[in-house]
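# Observations on chain architecture
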Amino acid sequence: GTALLEASMLGHPSLGLDVDPLSALISDCKVRPFADGREASRDLLTRLHEELNGDLRLLRPRSRVAPRAVTLPAELRGKLARQDQRNGTAFLTEIEGDLGLLVAARERHARGARGLLDVMVSDALTKKIRYRFVGIGNGRYTVEVVHQRLWDRFREKVASTLALLDVFAWLESRCDVRLAASAAAQGDATTLAGLPKDASFGVCVTSPPYLPASSGREHYAPSRALALAVTGLESAWCGDRFLGAGETTRQELNPGSLPPAGRRLVEYLMSDTDRADPQRDAMRFERKALPTWRYLRDTEAFLKALRGR
């Protein structure tokens, strides 16, 4: 969402697009809650700040209807349980307890500033449980659990976000910055699905499509699963597109469908020569050829979809 923030501060209305619903949500909250929805955001954050500095038990819903249950994915839960047993810790119990409070707070303030609470919840989760992928694109990972409590991280995030509202207000009053409208949507950039059909743009700023690093270890879905579940975005997750991102997958490639430079690159990555060369990457095809082909095809599709917009 950084490009949206820069555009807004320069006075240019902007609209972002991301296939990952969580990234779209974070981008959407980069400016909007601090510009158009500042009063609603301040009201939400002030109430949360007061509650978080009181008795946490008061955050549980007052109604008899139980909040939507959120449980850790089975594989992650098993890893945490084994770590606790091995290290004599109790992180699983702590995280599930704090997670219940986070969900209760989310349900309690569901009518507050749209999306902002979800972003703060996902931030607390991703800082508490850190993923490290091992192997070659097989989705295997270990987790590191930070000692700071989920609630402590969440409390800090509420306070810093509340202060950020004052920063935006200061920019307007003291620096004469007039923030332009900014929003983000979830959709596929290769077709521009998710954008209004009549939308037109003067400038497009884009980052490249998802491409695994040479290690081939990146695996998008597991590291997003918990935050998506808590924020209620599982249904928006493009499973077929991202579950395969970064995985070792063999499928039919067609380098001939690419422009000459792209074709030469993919053909090189697919080559199986120079076995005696010590510099040769023996896993070149498995790690790089297919993701690179997808990368170039997605870039071409995006540029074609953008033409005429």
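Criteria and thresholds
- Residues numbered from 1 in each chain as written.
- Predicted model: local features only at pLDDT ≥ 70, side-chain atom pairs only at ≥ 80, totals over all residues.
- Heavy atoms only, no water.
- Helix = DSSP H or I, 4+ residues; strand = E, 2+ residues; numbered from the N terminus.
- Buried < 20%, exposed > 50% of the residue type's maximum accessible area, 1.4 Å probe, protein only.
- Contact = heavy atoms within 4.5 Å.
- Areas by Shrake-Rupley, 256 points an atom, 1.4 Å probe, with all protein chains shown as cover.
- Core = buried A, V, L, I, M, F, W, Y, C linked by side-chain atoms within 4.5 Å.
- pLDDT = per-residue confidence, 0-100.
- Phe/Tyr/Trp six-rings, centres within 6.5 Å; stacked < 30°, edge-to-face > 60°.
- Pairing = 2+ DSSP bridges.
- Axes fitted to C-alpha atoms, helices over the stretch in contact; angles between N-to-C directions.
- Parallel < 35°, antiparallel > 145°, perpendicular 65-115°, else oblique.
- Nonpolar A, V, L, I, M, F, W, Y, C, P; charged D, E, K, R; others polar.
- Expected span 1.5 Å × (residues − 1).
- Salt bridge = Lys/Arg side-chain N within 4 Å of Asp/Glu carboxyl O.

## A closer look at the overall build of the protein
- Looking only at helices and strands, the protein features 11 helices and 4 strands.
- Per-residue burial for the protein yields a buried fraction of 40% across its 309 residues.
- For the protein, restricting intrachain contacts to residue pairs at least 6 apart in sequence, the fraction spanning at least 24 positions comes to 77%.
- For the protein, the accessible surface area stands at approximately 17,100 Å², while carbon and sulfur atoms represent 52% of it.

## Observations regarding the nonpolar core
- One finds L72, L76, L80, I95, M120, F154 and L226 to be the most contacted residues of the largest nonpolar core, which totals 43 residues.
- Of all the secondary structure elements, the ones that give two or more residues to this core are α3 (38–52), α4 (74–87), α5 (91–108), α6 (116–128), β2 (129–133), β3 (141–145), α7 (150–175) and α8 (220–231).
- Apart from the residues within four sequence positions on either side, M120 is in contact with L45, L48, F154, K157, V158 and T161.

## Overview of unusual backbone geometry
- A positive phi angle, near 55 degrees, is found at D176, a position not held by glycine.
- Inspection of the secondary structure assignment puts D176 in the loop between α7 and β4 (182–186).
- Looking at D176, the relative accessible area reads 56%, which means it is exposed.
- A positive phi is found at L192, a non-glycine position, where the angle reads about 60 degrees.
- Position of L192 relative to the elements: it lies in the loop between β4 and α8.

## As for the environment of T142
- Mapped onto the elements of the fold, T142 is located in strand β3.
- Between the C-alpha atom of T142 and that of Y131, which follows or precedes it by 11 residues, the distance is 6.0 Å.
- Look past the residues within four positions of T142 in its chain and what remains in contact with it is R130, Y131 and R132.

## Considering the confidence of the model for the protein
- Averaged over all residues, the pLDDT of the protein equals 79, while 76% of them reach at least 70.
- Low confidence marks residues 61–65, where pLDDT is under 50. Its contacts with residues over four positions away, or in another chain, come to 4 contacts.
- Below pLDDT 50 for its whole length, residues 238–250 participates in 34 contacts with residues either more than four positions away or in separate chains.

## Overview of the packing of aromatic side chains
- Applying the stated rule across the entire model yields 2 aromatic pairs.
- Ring geometry for F34 versus F168: centroids 5.0 Å apart, planes at 15 degrees, classification stacked. Here F34 is found in the loop between α2 (21–28) and α3, whereas its partner F168 is found in helix α7, with 134 residues between them in sequence. With respect to burial, F34 and F168 carry one shared label: buried.

## Topic: the pairing of β3
- Only one face of β3 is covered, namely the one carrying Y141, V143 and V145; the face carrying T142 and E144 has none of its residues buried.
- As paired elements, β2 and β3 share 5 bridges and run antiparallel to each other. Of the residues in β3, the one forming a bridge with Y131 is V143.

## Structural notes on the packing of α4 against α5
- It is at 8 Å that the axes of α4 and α5 come closest, and there the two elements cross at 135 degrees. Judged by the angle between their axes, α4 and α5 are oblique. Seen from α4, the contacting residues are R77, L80, A81 and D84; seen from α5, they are F91, L92, I95 and E96.
- Its residues placed into classes, the contact of α4 with α5 shows 5 nonpolar, no polar and 3 charged.

## Structural notes on α5
- Given a rise of 1.5 Å per residue, 18 residues ought to cover 26 Å, and the 25 Å separating the end C-alpha atoms of α5 matches this to within 8%.
- When we look at burial in α5, the residues that qualify are F91, L92, E94, I95, D98, L99, L101, L102, V103, A104, A105 and R106.

## Section: the packing of α5 against α7
- Direction vectors running N to C along α5 and α7 enclose 35 degrees, while the axes themselves pass 9 Å from each other. Mapping the contact onto sequence places I95, D98, L99, L101, L102 and A105 in α5 and L150, W151 and F154 in α7.

## Quick notes on the side chain of S182
- Within the fold, S182 resides in strand β4.
- On the basis of relative accessibility, which here comes to 6%, the residue S182 falls in the buried class.
- Excluding its chain neighbours within four sequence positions, the residues that come into contact with S182 are L4, S8, S14, V31 and R32.

## Considering the pattern of salt bridges
- All chains considered together, the criterion is met by 14 salt bridges.
- Residues K127 and D123 are paired through a salt bridge, measuring 3.0 Å at the closest nitrogen-oxygen approach. With a gap of 4 residues between them, K127 and D123 both fall in helix α6, about one helical turn apart.
- Here K127 falls in the partly exposed class, since its relative accessible area comes to 34%.
- On the basis of relative accessibility, which here comes to 10%, the residue D123 falls in the buried class.
- The shortest N-O distance in the salt bridge between E300 and K304 comes to 3.7 Å.

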